[in-house]
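In case you want the letters, here they are:
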Amino acid sequence: MALFDSIEELKKYNSSIAKGLSLGVLQSFIDDAISKHIVEAIGKNMLNELVEAKSAGIDPTSKMSDLLHLTQKACAHLAIANYVPFGSVLLSDSGAHVHSSSNQLPASDAKLSALRKQAMDDGYHALETLVDFLEKHLDEFQTYANSEAHQNNRSLFINSSKEFNES
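Conventions we followed
- Residues numbered from 1 in each chain as written.
- Predicted model: local features only at pLDDT ≥ 70, side-chain atom pairs only at ≥ 80, totals over all residues.
- Heavy atoms only, no water.
- Core = buried A, V, L, I, M, F, W, Y, C linked by side-chain atoms within 4.5 Å.
- Buried < 20%, exposed > 50% of the residue type's maximum accessible area, 1.4 Å probe, protein only.
- Helix = DSSP H or I, 4+ residues; strand = E, 2+ residues; numbered from the N terminus.
- Contact = heavy atoms within 4.5 Å.
- Polar contact = N/O pair within 3.5 Å; in protein donor to acceptor, adjacent residues only side chain to side chain.
- Expected span 1.5 Å × (residues − 1).
- Phe/Tyr/Trp six-rings, centres within 6.5 Å; stacked < 30°, edge-to-face > 60°.
- pLDDT = per-residue confidence, 0-100.
- Arc of directions from axis to C-beta.

Side note on the nonpolar core
Within soluble globular proteins, side chains that are nonpolar generally end up buried alongside one another.
So, step 1. Of all hydrophobic cores here, the largest spans 44 residues; its most connected members are Phe4, Leu10, Ile30, Ile42 and Leu67.
So, step 2. Broken down by secondary-structure element, the contributors of at least two residues to this core are α1 (7-11), α2 (23-42), α3 (44-56), α4 (63-83) and α5 (109-136).
So, step 3. Not counting chain neighbours up to four residues away, the residues in contact with Leu10 comprise Phe4, Ile17, Leu23, Leu26, Ile30 and Ala76.

See the structure below:
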């Protein structure tokens, strides 16, 4: 089992995802979001524990369920932000192409830029919320509490935009 098992799980966090989009098309972008952002924020062991709990079935009223929601939300937005510039580009032996038809045309650069910016903003906000959640519930997430990711997060002078605004 993985962080996302279906496109419907991703669609919960961004309703602009079409039903026809396959999870496999986004998988490399999901993997990049996980390795570049999620693992850096919560640590590989905490991520593995979360995925294992998901596969075993998480009580929807538990803190682990909240953690799964926050992690999926951050990952979905960051994966979409990275997918947007490349989603319609197809690479082949004859070069790079953009698919279009009479019913669907590629989005304008302005629309793509706005979507990417919004997805990045939402992704980083969700990532901060995820780390804040873990920090508030350290007693329930010992894997994170004992991780290098936790030490790195706490060693920052200002740990979140919320703390920055309070300063």
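Describing the environment of Tyr144
So, step 1. Turning to its location among the elements, Tyr144 is positioned in helix α6 (residues 142-145).
So, step 2. Taking C-alpha positions, Tyr144 is 9.6 Å from Ala41, a pair spaced 103 residues apart along the chain.
So, step 3. Setting aside anything within four residues of it in sequence, one finds Tyr144 in contact with Ala41, Ile42, Met46, Val131, Leu134, Glu135, Leu138, Ala149, His150 and Asn153.
So, step 4. Only 2.8 Å separates the side chain of Tyr144 from the side chain of Asn153, close enough to count as a polar contact.

A look at α2
So, step 1. An ideal rise of 1.5 Å per residue puts 28 Å on 20 residues; α2 reaches only 23 Å between its terminal C-alpha atoms.
So, step 2. Phi turns positive, to about 90°, at Gly43, one or two residues after α2.

Examining the packing of aromatic side chains
So, step 1. Taken as a whole and assessed by the stated rule, the structure comprises 1 aromatic pair.
So, step 2. On the basis of an interplanar angle of 55° and a centroid distance of 5.9 Å, the ring pair of Phe133 and Phe141 is categorised as tilted. Each member of the pair, Phe133 as well as Phe141, carries the same accessibility label: buried.

What about the confidence of the model for the protein chain?
So, step 1. Mean pLDDT for the protein chain: 81, with 73% of residues reaching 70 or above.
So, step 2. At the low end of the mean pLDDT range in the protein chain sits strand β1 (residues 89-92), at 56; at the high end sits α3, at 93.

Things to note about α3
So, step 1. Helix length check: α3, at 13 residues, gives a terminal C-alpha distance of 18 Å against a target of 18 Å (1.5 Å per residue), a fit within 8%.
So, step 2. Residues of α3 that are buried include every one of Met46, Leu47, Leu50, Val51, Ala53 and Lys54, and no others. Buried positions in α3, seen along its axis, are confined to an arc of 160° and lie on one side of it. Residues of α3 that are exposed and angled more than 90 degrees away from the buried face: Asn45, Glu52 and Ala56.
So, step 3. Gly57 occupies a position one or two residues after α3 and carries a positive phi of about 100°.

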